[in-house]
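# Coordinate analysis (summary)
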Amino acid sequence: MNKGIVIFIEGDTEEEFFKKLLECIRSLCEEKRFSTSRIVIRNLKGIGNYKNRVYRVFTKEILPRNPGISFNVFLCYDTDVFEFSQKPPVNWKDVEKVLKDNGAEKVIHIKANKSIEDWFLKDLYGLCKYLKLPLSTGLNGSNSVKKMENLFKKGNKVYIKGGKAHGFIEALDIKKIMKEICCEIKPLCKDLGVKCNGEKCN
């Protein structure tokens, strides 16, 4: 049976970023080819009613359109909305169960700690260049989302979490970011055929 990967993400910004990330991962694979025959990225546009939407998309759309393919499912999300919450918006064990009960080979979590904006800010040079700001521009804000919003404001642009990326993803050095977030995306890289370089991830 052929192997496939499903990547569930939260919003438009994440969708554009993961598409660029996959391009970079492909460049690191042997012969620049993924070790899996099918990759499906699905943008859920938020985490509301997450389990039911994931179930519906996986069983009603992805599986029927891809007969004969065994899928590993990657759930990609920010950790900030789940930390310190007495009642987290998503019960991940329930999500895993409904996917495995309905044909998923494996369910793997890719967690942006604390949010994907923390990943973007690892290339402050690229962001400043895109926003036409001095490279010495400082960051201010209580978290990475606020820092992104304030940085964009200085460049006379508006950053909306999960919204359309308006080209700034193109300005980022994705390979640089990949090195910085290696431990967080390692399961995805491994599944796609990137051989670990031996560095240890905590």
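Structure's up top.
Structure report, in brief. The structure displayed is predicted, hence computed values, not measured ones. (Residues numbered from 1 in each chain as written. Predicted model: local features only at pLDDT ≥ 70, side-chain atom pairs only at ≥ 80, totals over all residues. Heavy atoms only, no water.)

### Things to note about the pairing of strand β1 (residues 2-9)
- Judged by how many residues are buried, β1 sits mostly within the fold: 6 of 8 residues are covered.
- Relative to strand β3 (residues 69-78), β1 runs parallel, the two being bridged by 7 bridges. Of the residues in β3, the one forming a bridge with Ile 7 is Phe 74.
- Where β1 and strand β2 (residues 38-43) come together, 6 bridges link them in parallel fashion. Note that in β2 the partner of Gly 4 across the bridge is Arg 38.
- Taken together, β1, helix α1 (residues 12-28) and β2 constitute a β-α-β crossover, and its handedness is right-handed. (Buried < 20%, exposed > 50% of the residue type's maximum accessible area, 1.4 Å probe, protein only. Helix = DSSP H or I, 4+ residues; strand = E, 2+ residues; numbered from the N terminus. Pairing = 2+ DSSP bridges. Right-handed = clockwise from strand over helix to strand, strands pointing away.)

### Some details on the sheet that holds β2
- Taken in spatial order, the 4 strands make up an open sheet running β2-β1-β3-β4, and their pairing is parallel. Two strands in the sheet have a free side with no partner beyond their single neighbour: β2 and β4 (106-112). Sheet twist, expressed as the mean angle between neighbouring strand axes with direction ignored, is 20°.
- Across 7 bridges, β3 lies against β4 in parallel orientation. Paired with Phe 74 across the bridge in β4 is Ile 108. (Axes fitted to C-alpha atoms, helices over the stretch in contact; angles between N-to-C directions.)

### Points about the side chain of Lys 20
- Turning to its location among the elements, Lys 20 is positioned in helix α1.
- Apart from residues lying up to four places away in sequence, Lys 20 is in contact with Ile 169, Glu 170 and Ile 174. (Contact = heavy atoms within 4.5 Å.)

### Regarding the environment of Phe 17
- Relative to the helices and strands, Phe 17 is located in helix α1.
- Remark: the alpha-carbon pair of Phe 17 and Ile 174, spanning 157 residues in sequence, is separated by 8.5 Å.
- When neighbours within four sequence positions are excluded, Phe 17 is seen to be in contact with Ile 116, Trp 119, Phe 120, Ile 169, Ile 174 and Ile 177.

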